[in-house]
Every structure is written in C-alpha cells, then in structure tokens.
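Each chain, written out:
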Amino acid sequence: MTDAEDLVADIEALGGKLAAAKASITKRFIGQERVVDLTLTALLCGGHGLLIGLPGLGKTRLVETLSTVMGLDGSRIQFTPDLMPADILGSEVLDTAEDGTRAFRFVPGPVFCQLLMADEINRASPRTQSALLQAMQEKTVTVAGQDRPLGTPFHVLATQNPIEQEGTYPLPEAQLDRFLVQIDVEYPDRATERDILLATTGTMDEQATAVFSGGELLSAQTLLRRMPVGDSVVELILDLVRTFRPGEPDAPAIVRETVAWGPGPRAAQAFMLAVRARALLQGRLAPSAEDVIDMARPVLTHRMALNFAARARGDSLSDLITETAANLSSREAAA
C-alpha cells in the first residue's frame, strides 16, 4: 500500500473508533451531540476545552464519562477563592525516617493526571489561575524550583457559570487563549430532557465503557495532524481570523465599529486542528469550508471582545461571528 492509502485506512479506522466512543458517551450523557463533538475535538487536537453553562446541565457527568471512554486518568478540582497553587500542584513535605534522618518528599496534587476537570475555574484567584496556566501551556509545573512533567496526554476541561459572577475572577485573555475551543452547554430540548429523566431517575444507571487508551489517543492526535487541508480551506481560515482584527485595512466596517481586539495567530492554529477533527468525527478524509464556518464560534468567541459601545448597545459577539463568517464564505464561494 502507498503512504496515501495507509493514511486513508488509518483515518477510516480511527473514524470507526470515534463512532464507538460517541455511542458509549451518549449512554450516560444523553443528547447534546454538539457538546460531545466539541469536547472530543479538544481531545483529538491535543488541546483544552472551556465549557460554559448553567449548573445542572451535565458538565461534570460529561467529563467523568469522557475520562472512562477515552481511557484517561481523571481528576477533579472544585475551584474556590481560597484555593492556593499548592492545592492543585502539590507540595513538598518533610519526612522523618526511622533512623532520625529527614528528607523532603514531593506529594503530587490533583493536576498530575491526564484529564483534569477544573470546576468553576473563574472562582480561583489570579495566583492559582497562573499556576494552572503554566500546566495548560507547558504541560509541566515547577514546584520548589524543580520542573515536573504532567500526565501524557494532558487535557483540561474547565467549566464556568455564565450567570453567577459574584466572587469570581475573570479569566485573563492569555489563559482564555490557551483553550482550543469554547463549548456552550445549552438547555436540552423537551424530548432530550424526557430521555434524561427516564434514564437517570431509576434504579439502574447506564455505564460507559472504555474505547480508547491514553496511547491510542496520542496516536489519534498524531494522525489528525497528518490529515490534508486544501489551500482554499487554509485561505478561508486566514481570511476569517484576519477579518475580525479591527486594525486590519480590509476589516469590515462592522468589525472596526464593534470589536475591541481580535484573535491572534493561535486562533488560526486552533482552526487548522479543529476543522480536521470535525471532518474526522463526520467520517470524512479532509476538511471543507463548511467545517471552517461551523467551528468559527467555538474557536473565536473567547479570543476576541466587543468594545464598550457595542456592549452598551447589547450587541452579540456570537451573532457577529456567525454572520460575518457566513458572509465571508459566500463572497469567496461566488468569487
């Protein structure tokens, strides 16, 4: 077989495993296919996900289920204002041996895992958030002057309540930019909510089964980066990211009037990975322009902001992204 044939065979085999993984996840996390796809996208791309949603929508259940299905060592941290960096990273303790000698021993914190659920991440103080930022970006933490590598793979799925903001610390832009995608968890529709009621209030609870292992997920991440991306898709990604920078000479008037700051190069990098993951999850061998438009909101929403005047008018950043991306795609298709 040629290299191209091998790649096609590997992608098709991975697509089958992903279908099995989604089936196992939906045994415990009913409905919300979009949310499941975006969390799998974050893992396939080797990145982190920020889940935005009200309490009680199943975010914790989803992360726990993902840990089982993807074969990852999971851990959970409930963030509070008094949480200190040592509470998540670990610390050194002084041990005394039977012969009276003393030595420091490192006690690892909950961040030493493969899939970390950072619950209500915006309730942590800036000091603690900065410690988590190093872990997310470098996948290494420094304790007592010594660098300590984290689990392989290492992913953070953080949750945030969009309504209750009292006693919270907004995430800095640098940390928001480290999340590959923002995942909005909405209320389920009536039929889905009925299924949830029947499935979760009886004597038996469905159990998810492992489909991947940590090593297989790493292999999937490598394979995803080998997927071809057409020049037209690359150009659309570049056009879309640069369109939302108000300082660009070709930026639309609505962007210059409403956007305070736009996405940087890391957004384009996230796009390149996310569109591949979407194609893979749908059983396709390469991404298309449709994938770029679909991933615009998850990739861009947390990487840009409206200016004061736009916020005062009640403008919607999500609507701006959706409409501008659709208009840009239509113009390029007609050209």
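Described in the following lines is the structure provided in the data block.

Calculation rules
Residues numbered from 1 in each chain as written. Predicted model: local features only at pLDDT ≥ 70, side-chain atom pairs only at ≥ 80, totals over all residues. Heavy atoms only, no water. 1 Å grid on protein atoms, 1.4 Å probe; cavity = no way out; pocket = protein on both sides within 12 Å on 5 of 7 lines; lining within 4 Å. Points joined across faces, edges and corners; volume = space filled by probe spheres on them. Helix = DSSP H or I, 4+ residues; strand = E, 2+ residues; numbered from the N terminus. Nonpolar A, V, L, I, M, F, W, Y, C, P; charged D, E, K, R; others polar. Phe/Tyr/Trp six-rings, centres within 6.5 Å; stacked < 30°, edge-to-face > 60°. Buried < 20%, exposed > 50% of the residue type's maximum accessible area, 1.4 Å probe, protein only. Lys NZ or Arg CZ within 6 Å of the ring centre and 35° of its normal. Polar contact = N/O pair within 3.5 Å; in protein donor to acceptor, adjacent residues only side chain to side chain. Contact = heavy atoms within 4.5 Å. Pairing = 2+ DSSP bridges. Axes fitted to C-alpha atoms, helices over the stretch in contact; angles between N-to-C directions. Salt bridge = Lys/Arg side-chain N within 4 Å of Asp/Glu carboxyl O. Expected span 1.5 Å × (residues − 1). Arc of directions from axis to C-beta.

**A few points about the layout of surface pockets**
Right, so step 1: In this structure, the largest pocket spans a volume of roughly 570 Å³.
Right, so step 2: Lining of the largest pocket is provided by 20 residues; of these, Gln-160, Leu-176, Gln-182, Thr-301 and His-302 occupy positions nearest its centre.
Right, so step 3: Of all the elements in the fold, those that place two or more residues in the lining of the largest pocket are strand 1 (48-52), helix 6 (173-176), strand 9 (179-184) and strand 11 (305-306).
Right, so step 4: Among the residues forming the lining of the largest pocket, the class breakdown is 11 nonpolar, six polar and three charged.
Right, so step 5: Volume-wise, the second largest pocket comes out at about 390 Å³.
Right, so step 6: As for the second largest pocket, its lining consists of 19 residues, and the residues nearest its centre are Cys-45, Gly-46, Gly-47, Leu-180 and Leu-273.
Right, so step 7: Elements supplying a minimum of two residues to the lining of the second largest pocket: helix 5 (126-138), helix 8 (214-226) and helix 11 (265-281).

**Considerations on the packing of aromatic side chains**
Right, so step 1: Taken as a whole and assessed by the stated rule, the structure comprises one aromatic pair.
Right, so step 2: For the ring pair Phe-106 and Phe-112, a centre distance of 5.7 Å and an interplane angle of 70° mean the geometry is edge-to-face.
Right, so step 3: For Phe-106, a relative accessible area of 18% corresponds to the buried category.
Right, so step 4: By relative accessible area, Phe-112 is classed as partly exposed at 23%.
Right, so step 5: The residue whose ring lies beneath Lys-17 is Phe-212, and the NZ or CZ to ring-centre distance is 5.0 Å.
Right, so step 6: Between the NZ or CZ atom of Arg-148 and the centre of the ring of Phe-106, over which it lies, the distance is 3.9 Å.

**Considering the side chain of Thr-258**
Right, so step 1: Within the secondary structure, Thr-258 sits in helix 10 (residues 253-258).
Right, so step 2: Of the polar contacts made by the side chain of Thr-258, one reaches the backbone oxygen of Ile-254; its length is 2.6 Å.
Right, so step 3: Setting aside residues no more than four positions away along its own chain, Thr-258 makes contact with Ala-305, Leu-306, Asn-307, Ala-310, Arg-313, Asp-315 and Leu-320.

**As for the sheet that holds strand 9**
Right, so step 1: Pairing is parallel across the open sheet formed by five strands, whose spatial order is 2-5-8-1-9. Edge positions in the sheet fall to strand 2 (74-78) and strand 9, since each of these pairs with one other strand and no more. Across the sheet, the axes of successive neighbouring strands diverge by a mean angle of 20°, strand direction being ignored.
Right, so step 2: When strand 1 meets strand 9, the two strands line up parallel, connected through five bridges. Looking across to strand 9, one finds that His-48 is bridged to Phe-179.

**Concerning the pairing of strand 4 (residues 102-108)**
Right, so step 1: The pairing of strand 3 (residues 90-96) with strand 4 spans seven bridges and is antiparallel. Within strand 4, the residue paired with Glu-92 across the bridge is Phe-106.
Right, so step 2: Counting the residues that bridge the hairpin from strand 3 to strand 4 gives five residues, and of these Gly-100 lies at a positive phi of roughly 95°.

**Regarding the pattern of salt bridges**
Right, so step 1: Applying the stated criterion across every chain yields a total of 16 salt bridges.
Right, so step 2: Here Glu-290 makes a salt bridge to Arg-278, at a shortest N to O gap of 3.9 Å. On the criterion of sequence distance, the pair formed by Glu-290 in helix 12 (residues 289-294) and Arg-278 in helix 11 is long-range, its members being 12 residues apart.
Right, so step 3: Here Arg-284 makes a salt bridge to Asp-291, at a shortest N to O gap of 2.7 Å.
Right, so step 4: Among the residues examined, Arg-284 registers a relative accessible area of 26% and is labelled partly exposed.
Right, so step 5: Because the salt bridges share partners, they merge into one network encompassing Arg-34, Arg-278, Arg-284, Glu-290, Asp-291 and Asp-294.

**Points about helix 9 (residues 231-243)**
Right, so step 1: For helix 9, with 13 residues, the first-to-last C-alpha span of 18 Å sits near the 18 Å given by 1.5 Å per residue.
Right, so step 2: Taken residue by residue, helix 9 has Val-233, Leu-236, Ile-237, Leu-240, Val-241 and Thr-243 as its buried positions. Burial along helix 9 is one-sided: seen end-on, the buried residues are contained in an arc of 160°.

**Comments concerning unusual backbone geometry**
Right, so step 1: The omega torsion across Thr-152 and Pro-153 is -10°, close enough to zero to call that bond cis.
Right, so step 2: With respect to the helices and strands, the residue Pro-153 is situated in the loop between strand 7 (146-149) and strand 8 (155-160).
Right, so step 3: Phi at Gln-32 is positive, roughly 50°, even though this residue is not glycine.
Right, so step 4: Mapped onto the fold, Gln-32 is located in the loop between helix 1 (3-28) and helix 2 (33-44).

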